[in-house]
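In case you want the letters, here they are:
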Amino acid sequence: MTQEKLIHTFNQFNHASEYVSHKELVSGHINDTFLIETKEEPFYILQRINHIVFKDVPGLISNKVSVSKHIQKKLSHLSETELKRRVLTFVQAKNDKYYYKDEDGNYWNVMFYIKDSVTHEIVTNKEVAYEGGKLSGDFLNLTSDFDASVLTEVIPKFHDMSFRYSQFQSALQSVSKERLFNAKSLIDRVIESKEEMHILQNLKEKGAIKSRVTHNDTKISNALFTKNNKGLCVIDTDTIMSGIVHYDFGDAIRTICNTAAEDESNLDLVEFNVEYYQGYNKGFLEKTEASLTQIELKYLPLGAKTMIFIMAIRFLTDYMNNDIYYKTKYPEHNLDRAKNQFKLIDSMMAQMEV
Ligand code: GN1
Ligand code: MG
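Residues numbered from 1 in each chain as written. Chains lettered and ligands numbered in written order. Predicted model: local features only at pLDDT ≥ 70, side-chain atom pairs only at ≥ 80, totals over all residues. Heavy atoms only, no water.

## A look at the nonpolar core
Point 1. Of all hydrophobic cores here, the largest spans 101 residues; its most connected members are Phe54, Ile256, Phe272, Phe309 and Leu316.
Point 2. When residues of this core are sorted by domain, at least three fall in each of domain 1 (3-112) and domain 2 (126-351).
Point 3. Look past the residues within four positions of Phe309 in its chain and what remains in contact with it is Met161, Tyr165, Val190, Ser193, Met197, Phe342 and Ile345.
Point 4. By size, the runner-up hydrophobic cluster in this structure holds 13 residues, among which are Phe10, Phe13, Val91 and Tyr100. (Core = buried A, V, L, I, M, F, W, Y, C linked by side-chain atoms within 4.5 Å. Buried < 20%, exposed > 50% of the residue type's maximum accessible area, 1.4 Å probe, protein only. Domains from an automatic or database assignment. Contact = heavy atoms within 4.5 Å.)

## Points about the environment of Gly250
Point 1. Tracing the backbone through its elements, the reader meets Gly250 in helix 8 (residues 245-256).
Point 2. Owing to a relative accessible area of 0%, Gly250 belongs among the buried residues under this scheme.
Point 3. For Gly250 and Ile114, which are 136 residues apart along the polypeptide, the C-alpha to C-alpha distance reads 26 Å.
Point 4. Setting aside anything within four residues of it in sequence, one finds Gly250 in contact with Gly303, Ala304 and Met307. (Helix = DSSP H or I, 4+ residues; strand = E, 2+ residues; numbered from the N terminus.)

## A short note on the packing of aromatic side chains
Point 1. Counted under the stated rule, the structure contains 13 aromatic pairs.
Point 2. The interplanar angle of 80 degrees and the centroid separation of 5.9 Å between the aromatic rings of Phe249 and Tyr277 together place this pair among those described as edge-to-face. Of this pair, Phe249 sits in helix 8 while Tyr277 sits in helix 9 (residues 274-288), and the two are 28 residues apart along the sequence.
Point 3. Grouping aromatic residues by their ring pairs yields a cluster made of Phe249, Phe272, Tyr277, Tyr280 and Phe284.
Point 4. Over the ring of Phe112 we find Lys84; its NZ or CZ atom is 5.1 Å from the centre of that ring. (Phe/Tyr/Trp six-rings, centres within 6.5 Å; stacked < 30°, edge-to-face > 60°. Lys NZ or Arg CZ within 6 Å of the ring centre and 35° of its normal.)

## Section: the pattern of salt bridges
Point 1. Under the defined criterion, the tally for this structure stands at 22 salt bridges.
Point 2. Where Asp323 meets Arg179, a salt bridge forms, and the shortest distance between an N and an O atom there is 3.2 Å. On the criterion of sequence distance, the pair formed by Asp323 in the loop between helix 11 (300-320) and helix 12 (333-351) and Arg179 in helix 6 (residues 177-192) is long-range, its members being 144 residues apart. The same class applies to Asp323 and to Arg179, which are both buried.
Point 3. Residues joined in a network through salt bridges with shared partners are Asp32, Arg48 and Lys327. (Salt bridge = Lys/Arg side-chain N within 4 Å of Asp/Glu carboxyl O.)

## Remarks on the site of ligand 1
Point 1. If you check the shell around ligand 1, you find 16 residues, and the closest are Lys219, Asp236, Glu262, Arg314 and Tyr325.
Point 2. At 2.6 Å, a side-chain N or O of Glu262 approaches an oxygen atom of ligand 1.
Point 3. At a separation of 2.5 Å, an oxygen atom of ligand 1 approaches a polar side-chain atom of Tyr325.
Point 4. Considered on its own, ligand 1 offers 440 Å² of accessible surface; in the complex 96% of this is hidden by protein.
Point 5. Per-element tally for the shell around ligand 1: the top contributor is helix 11, with three residues.
Point 6. Of the residues contributing to the shell around ligand 1, the split by class is eight nonpolar, two polar and six charged.
Point 7. Structurally, the shell around ligand 1 is a two-domain feature, drawing no fewer than three residues from each of domain 1 (3-112) and domain 2 (126-351). (Near = heavy atom within 4 Å. Polar contact = N/O pair within 3.5 Å; in protein donor to acceptor, adjacent residues only side chain to side chain. Areas by Shrake-Rupley, 256 points an atom, 1.4 Å probe, with all protein chains shown as cover. Nonpolar A, V, L, I, M, F, W, Y, C, P; charged D, E, K, R; others polar.)

## Looking at the domain arrangement of the protein
Point 1. Splitting the protein by domain gives domain 1 (3-112) and domain 2 (126-351).
Point 2. Each of domain 1 and domain 2 has a C-alpha centre, and these two points are 26 Å apart.
Point 3. Contact residues are listed per partner, giving 26 residues for domain 1 and 26 residues for domain 2.
Point 4. Together, the buried faces of domain 1 and domain 2 total about 2,300 Å²; carbon and sulfur atoms form 58% of this surface.
Point 5. Counting the surface domain 1 buries against domain 2, the share from its top three residues, His29, Asn63 and Val67, is 27%.
Point 6. Scanning the region where domain 1 abuts domain 2 turns up three salt bridges.
Point 7. Linking Asp32 and Lys327 is a salt bridge whose minimum nitrogen-to-oxygen distance equals 3.0 Å.
Point 8. In this structure, the connection of domain 1 to domain 2 is made through twelve residue pairs in polar contact (both at pLDDT 80 or more).
Point 9. Ranked by the residues each element gives to the side of domain 1 that touches domain 2, the list is headed by helix 2 (residues 57-74), at nine residues.
Point 10. When grouped by side-chain class, the residues that make up the side of domain 1 that touches domain 2 number eleven nonpolar, eight polar and seven charged. (Buried area = accessible area lost by both parts, 1.4 Å probe.)

## Some points on the pairing of strand 6 (residues 107-112)
Point 1. Across the six residues that make up strand 6, a large majority, five, are buried.
Point 2. Where strand 3 (residues 44-49) meets strand 6, six bridges bridge the pair, whose relative direction is antiparallel. Within strand 6, the residue paired with Ile45 across the bridge is Met111.
Point 3. Pairing of strand 4 (residues 90-91) with strand 6 involves two bridges; the strand directions are antiparallel. (Pairing = 2+ DSSP bridges.)

## Thoughts on the coordination of the magnesium ion (ligand 2)
Point 1. Within the first shell, the magnesium ion (ligand 2) binds the protein through Asp217 (OD) and Asp236 (OD), at distances of 1.9 to 2.0 Å. Of this pair, Asp217 sits in the loop between strand 7 (212-214) and strand 8 (223-225) while Asp236 sits in the loop between strand 9 (231-234) and strand 10 (241-243), placing them 19 residues apart in sequence.
Point 2. Classification of Asp236 by relative accessible area gives partly exposed; the value is 24%. (Donors = N, O, S within 2.8 Å, 3.2 Å for Na, K, Ca; no water.)

Given below as structure tokens:
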């Protein structure tokens, strides 16, 4: 991506700002994200949405813009400055849409950068876990009256276990001998866990757990905090769709409670931090307890285990498919991610009853 092209793309959006410089933000595995620094604030986030992964980008943009607007309405008592720190605000393109499609077929969107905020790839502070719980809970509350059925399913069956299982089984048919050998023990684990890992999906399909608006990518690096560890805003809302609360609870726990990064290859460093589980759980329940059903509450811990497992099976499947989905930095990267997630489940099970 040349600088000239980036400036050209940025200038397809409605703003009165002058580009000064940019930085690529590299933490995501799917999209390309740039911080655009301007002559005078605000700064912006310019993002290329990966349209191989997200087949209906206009639908995705419509989901996230309409949910942002819904939350903005609900928080309209806040000052404009505060509101822009609490919810993502998207910038319209000159074509009046909230995205711009370039000559190469790439889709771009722009939002305001939320300054004086920090993200955590690894949590090292109990307050961040607690505040993270409040943020996820708030997001679910603020969107609870939004009709989830109008949302586009941006990645069909995204957290559907039987879909992830069938992808895993297809990969098993075509995996190379070498990768099969390297992944054998993890493959066996996936097969052993099949029944338990379908419990939540079965409850969802029976209607025992209701679908609603969920974020679906609540890893802790998708939340912004102040420098004093107060929760500000959830970001990366590309995967907003209809789902169950366990998806959001579980993916947050998966990342908050891991004492190491999700791709740490030294498994001795990967442990499940129960204190952070309790902290997140407390913040989450403070916001949602009154509105969750007994059955939703009962299955939150299994939700955490299931979401760790679903990432394990997805990383493993991608490894068996020769890394076609996630960005990887070295050949065994996806295998290391999968091993890491299984170690996290082992450590969780050694300390908690699920
Ligand atoms: C992907 O691209 P990013 O980092 O926002 C993935 C999530 C995984 C995550 C694991 C669309 O998210 O489901 O939890 O990697 N997003 C998609 O880090 O597949
Ligand atoms: Mg994401």
